[in-house]
Amino acid sequence: MAAVLRAAFGYFFLVFMVRIVGRRPGKQMNPFEFVLIFFIGGLALTFTVADDRSLTNAFTQILTIGISHYFLIMLRERYPRIALLLDGSPILLLRKGRWQTEAMEGMLIQADDVMTAARDKGLYSLSEIDYAVLERNGEITIAAVTK
């Protein structure tokens, strides 16, 4: 039973830590953030496995993590407040050529991240962007100025 509790705690703790660290998608993460995510995962694995390295323990923990993940998804679908807590809400980063610095600092997003997303849409200057939004999934949506 201890293995099940360690696995469930480890899973929920990792979800919580990833939520705190930020919501940038993989292509926008810097090397430091990748190291942080893998290191936290490794520490959680060490805590979860403890001294029992049996096949039964591994199977039980993997099953526990799968069930915990399914449970969390069900909670997110049923209760919008939990989805808001886990995923957050879209955040305006740029409006009519003006950076929303407080929001950007809070989400650890830099102007370069927004401009990278803009270049992906073929926009190369700030004057071409109407607004930029950090979506719940971590992607940055760019809307061009309408002409």
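You'll find the structure just up there.
Residues numbered from 1 in each chain as written. Predicted model: local features only at pLDDT ≥ 70, side-chain atom pairs only at ≥ 80, totals over all residues. Heavy atoms only, no water.

### Notes on the sheet that holds strand β2 (residues 98–99)
Quick note on the threshold: By the convention used here, strands pair only if DSSP detects at least 2 bridges between them. Helix numbers and strand numbers start at the N terminus; a helix is a DSSP run of H or I with at least 4 residues, a strand a run of E with at least 2. In this analysis, two residues are considered to be in contact whenever any of their non-hydrogen atoms come within 4.5 Å of each other. For helices, the axis comes from a line fit to the C-alpha atoms of the stretch in contact; other axes are also lines fit to C-alpha atoms, and the angle between any two N-to-C directions lies between 0 and 180 degrees.
In space, the four strands of this open sheet follow the order β2-β1-β3-β4, with antiparallel pairing throughout. The sheet terminates laterally at β2 and β4 (140–144), the two strands that pair on one side only. Along the sheet face, helix α6 (residues 111–120) touches β1 (91–95), β2, β3 (129–134) and β4 and points at about 60° away from the line of β4.

### A short note on the nonpolar core
Here is the rule: Here the nonpolar core consists of buried residues drawn from Ala, Val, Leu, Ile, Met, Phe, Trp, Tyr and Cys, with membership extended through side-chain atoms lying within 4.5 Å. Relative accessibility thresholds used throughout: buried, under 20% of the residue-type maximum; exposed, over 50%; partly exposed, between the two (1.4 Å probe, protein chains only).
The biggest cluster of nonpolar side chains holds 15 residues, and the ones touching the most others in it are Leu93, Val114, Ile129, Ala132, Ile140 and Ile142. Going through the elements one at a time, β1, α6, β3 and β4 are the ones with two or more residues in this core.

### Describing unusual backbone geometry
The backbone of lysine 96 shows a phi angle near 50°, a positive value even though the residue is not glycine. Structurally, lysine 96 is set in the loop between β1 and β2. Positive phi is not limited to glycine here, since leucine 108 has a value of about 60°.

### What about the packing of helix α3 (residues 55–78) against helix α4 (residues 80–87)?
Put simply, the rule reads: Each residue receives one of three labels: charged for Asp, Glu, Lys and Arg, nonpolar for Ala, Val, Leu, Ile, Met, Phe, Trp, Tyr, Cys and Pro, and polar for the others, Gly being one of them.
Between α3 and α4, whose axes approach to 5 Å, the crossing angle comes to 120°. Between α3, through Leu72, Leu75, Arg76 and Arg78, and α4, the contact on the second element is made entirely by Pro80, Ile82, Ala83, Leu86 and Asp87. When the residues that make up the contact of α3 with α4 are grouped by side-chain class, the tally is six nonpolar, no polar and three charged.

### Quick word on a nonpolar patch on the surface
Going by this rule: What goes into a patch is any residue over 30% in relative accessible area without a salt bridge, connected to like charges within 9 Å or, for nonpolar side chains (Val, Leu, Ile, Met, Phe, Trp, Tyr), within 5 Å. For accessible areas, the Shrake-Rupley method is used with a probe of radius 1.4 Å. Any residue's cover is judged against the shown protein chains and nothing else. Counted as salt bridges are all cases of a side-chain nitrogen of Lys or Arg within 4 Å of a carboxyl oxygen of Asp or Glu.
A cluster of nonpolar side chains, namely Phe9, Phe13, Phe16 and Ile20, defines an oily patch on the protein surface of about 420 Å² accessible area. Topologically, phenylalanine 9 is positioned in helix α1 (residues 2–21).

### Some details on the pattern of salt bridges
All chains considered together, the criterion is met by one salt bridge. Between aspartate 130 and lysine 96 there is a salt bridge, with its nearest N and O atoms 3.2 Å apart. Taken together, the positions of aspartate 130 in strand β3 and lysine 96 in the loop between β1 and β2 put the pair 34 residues apart, joining distant regions of the chain. Classification of aspartate 130 as buried rests on a relative accessible area of 18%.

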